[in-house]
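Architecture and fold: a report
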Amino acid sequence: MKDWERLVNTVTDVDVQWDVPASRLNTFRVGGTARCVARPRTEDSLKTLLKTLKAEGLPWTIVGNGSNVLFPDGAWDHMVILLDRCATRLEYQRRDDRSGTVRVGSGLKLTHLVKLCIRHGWTGLEFLAGIPATVGGAVVMNAGTRDGAVGDVLERVRLLDETLRERTVPRSELPMGYRSGGLPPGAVVLEADFRVMLGLPRCIAGKVAKLLRERRRSQPARWPSAGCVFKNPPGLSAGALIDQAGFKGYRVGDAQVSPVHANWIVNRGRATRADVLEVIRTVRHGVRERFGVDLELEVRVLE
Ligand code: EPU
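First, a word on scope: everything that follows refers to the structure included in this document. Computed from a predicted structure; not experimentally measured.

**Overview of the nonpolar core**
- Counting residues in each nonpolar core, the largest one holds 33 residues, and the members touching the most others are Leu113, Leu128, Val135, Val139, Val150, Leu154 and Phe194.
- For this core, the elements supplying multiple residues, two or more each, are β7 (99–105), α3 (110–120), α4 (135–141), α5 (150–153), β11 (154–160) and β13 (188–198).
- If one sorts the elements of this core by residue count, α3 sits on top with five residues.
- Val30, Val229, Ile242 and Val287 belong to the second largest nonpolar core, which has 24 residues in total.

Below, the structure written as C-alpha cells:
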C-alpha cells in the first residue's frame, strides 16, 4: 500500500477521503474501493499535488463524472483526483452582439453547463445535453452525438502538460478525431472555451428537451451503465452489429448487454468488472466471428 497519508499531509488545500467505494465514482456502479480520493480546492494545490506525485513516482488518475471508465474490482492503489472543487469557473466573454465564448472549468458537469446555457440564452451547445460527463472528460474524449462533438464548438483548452507547465492550446492545434481529443500525452485539462451564439432561452430549452426525449427513447436509462461500450467502426454501427450477432440480453452475472441498445452494457445490480469484461470479450469474439469486424473499446479500462 502506498504512503498516501504522508504525501497528502504535505499538500494544503486538498480534501481527502479514504477507501471510497468505487461505485460512487462511476456511473456504471462497478468496482472495489479507491484507496485515496483527493479533491484539490485550488489550481495551485492541484499543481502541488501532481508535482509531489510525479516526484515520488506514484500513480494517479483524474476522474470526471466516471461515465466512461471501468474501475478495478479490488482495492485500487491509485490516487483518484477529482476536479469538482478546483475547476468549476464559468465566464462569458462577449465577441459581438450575437456571439461570444463560454469559458468553463473542466470539473463542471455538462448537465450544469447546458442549464446555464438555457438560462443565459447561449446557443450551440445543446447537443451536450444528456451526455453524463464533466467538461474535462468531454474534451479528453471529444464527446459527442450525431448532432455534434466537442471539437465542433471548442476554441481552446487551458491545460497542464506532462511537465506541469500551463499551456493554452487552440483548437486548430489539437488533432481531434472521433472520440479522441488529440491532447498532448499526460495533459490535465483545466478549462475549455466554447463558441456560442446568443439565442432565446425558450428555443434553447425546446431543443434540449427534444434531444433528451430522443435519448430516452433510444437509449437505456433504467440501469447504471457507461453509455456506449464500443466505438462505431468506420461506416458501421457497433450497436447494430452486436444486435445482429444476437447478443441483446446476453448476461454474465449482473452485467448485461442492454435489450434496448446493444452497444450498452447495463449493471443489473451487483455487476463486477470481471463480469463486464467477460461480456465485452464474448461480444467482441462473436462480432469478429460473424462479421470479421474488430470492435474497439470506447470505455477506458482503468489499470
Ligand atoms: N441499432 C440496432 N440495434 C441496437 C442499437 C442500434 O440495430 O441495439 C441501430 C439503430 O437502429 C441505428 C444504428 O444502429 O440504425 C445506430 O444506432 P444509434 O442511432 O442508437 O446510434 P449509435 O451509433 O449507436 C451514437 C453514439 C452515442 C450517441 C448516439 C446518438 C457512438 C459509439 N455512440 O450511438 O454516444 O448518443 O450516436 O447521437 O458513437 C456514447 O458515446 O457513449 C454514446 C452513447
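Moving on from the coordinates now.
**Notes on the site of the ligand**
- Around the ligand, the structure places 20 residues, and the nearest of them are Arg146, Tyr178, Asn232, Asp243 and Glu298.
- Between Arg146 and the ligand, the recorded distance is 2.4 Å, taken from a side-chain N or O atom to an oxygen atom.
- In isolation the ligand exposes 830 Å². Once the protein is present, 73% of that is buried.
- Every element with two or more residues in the shell around the ligand is listed here: β14 (225–228) and α7 (238–244).
- Tallied by class, residues from the shell around the ligand come to six nonpolar, eight polar and six charged.

**Here we look at the pattern of salt bridges**
- All chains considered together, the criterion is met by 27 salt bridges.
- For Arg103, the salt bridge identified is with Asp193, shortest N-O distance 2.8 Å. Within this pair, whereas Arg103 is found in strand β7, its partner Asp193 is found in strand β13, the two being separated by 90 residues in sequence.
- Judged by its relative accessible area of 2%, Asp193 is buried.
- A salt bridge links Lys231 to Glu296, with the shortest nitrogen-to-oxygen separation between them at 3.0 Å. Residue Lys231 is located in the loop between β14 and α7, and its partner Glu296 is located in the loop between α8 (273–291) and β18 (300–301); the two are separated by 65 residues in the primary sequence.
- A relative accessible area of 17% places Lys231 in the buried class.

**Concerning the sheet that holds strand β16 (residues 255–257)**
- Strand order in this open sheet of four strands is β14-β17-β16-β15, and the pairing throughout is antiparallel. The open sheet has two edge strands, β14 and β15 (251–252), and neither has a second partner.
- Examined bridge by bridge, β15 and β16 share two bridges and lie antiparallel to one another. Note on β16: the bridge partner recorded for Arg251 is Gln256.
- Strand contacts of α8: β15, β16 and β17 (264–267), with the helix running at about 30° to β16, the strand carrying the most contacts.

**What to know about α3**
- For α3, the full list of buried residues reads Leu110, Leu113, Val114, Leu116 and Cys117. Down the axis of α3, the sector holding all buried residues measures 160°, keeping them to one side. Pointing more than 90 degrees away from the buried face of α3 are the exposed residues Lys115 and Arg119.
- Among the structural elements, β6 (90–94), β7, β8 (122–123), α4, β13 and α6 (201–218) are those in contact with the buried residues of α3.

**Side note on the packing of aromatic side chains**
- Under the counting rule described, the total for this entry stands at three aromatic pairs.
- When the ring of Tyr92 is compared with that of Trp122, the centres are 5.1 Å apart and the planes differ by 15°; the resulting orientation is stacked. Residue Tyr92 is found in strand β6, and its partner Trp122 is found in strand β8; the two are separated by 30 residues along the sequence.
- With a relative accessible area of 26%, Tyr92 lands in the partly exposed category.
- Among the residues examined, Trp122 registers a relative accessible area of 5% and is labelled buried.
- Judged by centre distance (5.7 Å) and plane angle (75°), the ring pair of Phe247 and Tyr250 falls under edge-to-face.
- Taking the relative accessible area as the measure of exposure, Phe247 reaches 12% and is therefore buried.

**Digging into the environment of Gly199**
- Along the chain, the position of Gly199 falls in the loop between β13 and α6.
- If we skip the residues at most four places from it in the chain, Gly199 touches Gly121, Thr123 and Ile204.

**Overview of helix α2 (residues 43–56)**
- Its 14 residues give α2 an end-to-end C-alpha distance of 20 Å, which sits within 8% of 20 Å, the value for a rise of 1.5 Å per residue.
- Ser45, Leu46, Leu49, Leu50, Thr52 and Leu53 are the residues of α2 that are buried. Projection of α2 onto a plane perpendicular to its axis shows the buried side chains occupying an angular sector of 160°, all on one side. More than 90 degrees from the buried face of α2, the exposed residues found are Asp44, Lys51 and Ala55.

**Some points on the side chain of Thr123**
- Along the chain, Thr123 turns up in strand β8.
- The class of Thr123 is buried, set by a relative accessible area of 16%.
- In this structure the side chain of Thr123 is engaged in a polar contact, spanning 2.5 Å, whose partner is the side chain of Glu126.

So, how was this worked out
Residues numbered from 1 in each chain as written. Predicted model: local features only at pLDDT ≥ 70, side-chain atom pairs only at ≥ 80, totals over all residues. Heavy atoms only, no water. Core = buried A, V, L, I, M, F, W, Y, C linked by side-chain atoms within 4.5 Å. Buried < 20%, exposed > 50% of the residue type's maximum accessible area, 1.4 Å probe, protein only. Helix = DSSP H or I, 4+ residues; strand = E, 2+ residues; numbered from the N terminus. Near = heavy atom within 4 Å. Polar contact = N/O pair within 3.5 Å; in protein donor to acceptor, adjacent residues only side chain to side chain. Areas by Shrake-Rupley, 256 points an atom, 1.4 Å probe, with all protein chains shown as cover. Nonpolar A, V, L, I, M, F, W, Y, C, P; charged D, E, K, R; others polar. Salt bridge = Lys/Arg side-chain N within 4 Å of Asp/Glu carboxyl O. Pairing = 2+ DSSP bridges. Contact = heavy atoms within 4.5 Å. Axes fitted to C-alpha atoms, helices over the stretch in contact; angles between N-to-C directions. Arc of directions from axis to C-beta. Phe/Tyr/Trp six-rings, centres within 6.5 Å; stacked < 30°, edge-to-face > 60°. Expected span 1.5 Å × (residues − 1).

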